[in-house]
Amino acid sequence: MEELLTLNAEGLIPGPEESEEAFYSRVVETKKNFHAQKESLPVQHWQWPAEQLKALFDFSPRWCAAAYSSKGLTPWQAAATWIDVKRIYTIRIRPSRWVSWMVDRNEVLAHEAAHAARAAFDEPKYEELFAYLTSSSRWRRSIGPLFRRPGEAALLMAFFGLGALSQIFEWFASLWFFLAFLFC
């Protein structure tokens, strides 16, 4: 029991359908993945995210395999967490100034680490809700969970942009936004 509490405090949380054997196997693979990573983020980059996650969810990520890389990210994504079939995760964060200009790197890391800690949970409907709780912005905590996929935010922005040309697009965007609030 003590080992489970220690792993939980490190952000290694067993999933609801995960057997004990599968969980411990995932822990070993996650730690191996972390140590095998050639490039990783400096330890000081994890200070604020670790404190934020500790305050919110009572864990501090120690085994987050994370690196600066734009590979596989769409132009509007600041970061992403890749979770493979074994539920081993890797965080990629955009290395450009865009991340520090548009969004705070600390919040992005906390957000992605929340996804990583929930790697064994298969609950896509609630995933962004937990991740956006790490934001210091009330606006992002409220609106962020409405978008589960990156293309949804882009589509909404396109509708609002086209709304300047025709009110029908603005009407569709407003309707979509209302429905997202209603059903999320």
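Structure: above.
What counts, and where the lines are drawn
Residues numbered from 1 in each chain as written. Predicted model: local features only at pLDDT ≥ 70, side-chain atom pairs only at ≥ 80, totals over all residues. Heavy atoms only, no water. Axes fitted to C-alpha atoms, helices over the stretch in contact; angles between N-to-C directions. Helix = DSSP H or I, 4+ residues; strand = E, 2+ residues; numbered from the N terminus. Parallel < 35°, antiparallel > 145°, perpendicular 65-115°, else oblique. Left-handed = near helix turned anticlockwise from the far one by under 90°. Contact = heavy atoms within 4.5 Å. Nonpolar A, V, L, I, M, F, W, Y, C, P; charged D, E, K, R; others polar. Expected span 1.5 Å × (residues − 1). Buried < 20%, exposed > 50% of the residue type's maximum accessible area, 1.4 Å probe, protein only. Polar contact = N/O pair within 3.5 Å; in protein donor to acceptor, adjacent residues only side chain to side chain. Pairing = 2+ DSSP bridges. Salt bridge = Lys/Arg side-chain N within 4 Å of Asp/Glu carboxyl O. Phe/Tyr/Trp six-rings, centres within 6.5 Å; stacked < 30°, edge-to-face > 60°. Lys NZ or Arg CZ within 6 Å of the ring centre and 35° of its normal.

(A) Fine view of the packing of helix 1 (residues 2-9) against helix 2 (residues 20-36). Look at helix 1 against helix 2: their axes get within 13 Å of each other, and the N-to-C directions meet at 45°. When the axis of helix 1 is compared with that of helix 2, the two are oblique. When the axes of helix 1 and helix 2 are compared, the crossing they make is left-handed. Here E3, L4 and L7 of helix 1 come into contact with helix 2, specifically with F23, Y24, V27 and K31. Its residues placed into classes, the contact of helix 1 with helix 2 shows five nonpolar, no polar and two charged.

(B) Inspection of helix 5 (residues 105-117) at higher detail. Taking 1.5 Å of rise per residue, 13 residues should cover 18 Å, and helix 5 covers 18 Å from first to last C-alpha, within 8% of that figure. Where burial is concerned, most of helix 5 is hidden: twelve out of the 13 residues are buried. Along helix 5, the positions that sit buried rather than exposed are N106, E107, V108, L109, A110, H111, E112, A113, A114, H115, A116 and A117. At its buried positions, helix 5 is contacted by helix 3 (47-57), strand 2 (79-83), strand 3 (89-93), helix 6 (124-132) and helix 7 (138-143). By the N-cap criterion, in which a side-chain oxygen at the helix start approaches the backbone nitrogen of a residue two or three places on, helix 5 is capped by D104, the distance to N106 being 3.2 Å.

(C) Structural detail: the sheet that holds strand 1 (residues 66-68). One open sheet holds the three strands; their spatial order is 1-3-2, and the pairing between them is mixed. Bordering the open sheet on either side are strand 1 and strand 2, each of which pairs with just one other strand. Averaged over neighbouring strand pairs, the angle between their axes works out to 20° when direction is ignored. One ladder, built from three bridges, connects strand 1 with strand 3; its direction is parallel. When the bridges of strand 3 are listed, Y68 appears paired with I93.

(D) Quick look at the pattern of salt bridges. Counted according to the given criterion, the structure contains six salt bridges. In this structure, the salt-bridge partner of R118 is E123, at a minimum N-O distance of 2.8 Å. Here R118 ties to E127 by a salt bridge, and the two come within 3.2 Å at their closest N and O atoms. Residue R118 is classed as buried on the basis of its relative accessible area, which comes to 12%.

(E) Inspection of the packing of aromatic side chains at higher detail. Under the criterion given, the structure shown has four aromatic pairs. Ring centres of F57 and F59 lie 6.2 Å apart, and the angle between their planes is 15°; on these two criteria the pair is classed as stacked. Under the relative-accessibility criterion, F57 is labelled partly exposed at 25%. A relative accessible area of 4% means that F59 is categorised as buried. Taking the ring centre of F121 as reference, the NZ or CZ of R118 above it sits at 4.6 Å.

(F) Representation of the side chain of Q77. Within the secondary structure layout, Q77 lies in the loop between strand 1 and strand 2. Overall, Q77 belongs to the buried group, its relative accessible area being 17%. A distance of 2.9 Å separates the side chain of Q77 from the backbone nitrogen of T74, its partner in a polar contact.

(G) Up close: the pairing of strand 3. Residues Y89, I91 and I93 point to one face of strand 3 and are all buried, whereas T90 and R92, pointing to the other face, are not buried. Linking two consecutive strands that pair antiparallel, namely strand 2 and strand 3, is a turn of five residues; a positive phi of about 70° is found at R87 within it.

(H) Focus on unusual backbone geometry. If you check the backbone angles, D58 has positive phi at about 65° while not being a glycine. A relative accessible area of 45% means that D58 is categorised as partly exposed. One non-glycine residue, R87, lies in positive phi territory at about 70°. Structurally, R87 is set in the loop between strand 2 and strand 3. A relative accessible area of 29% places R87 in the partly exposed class.

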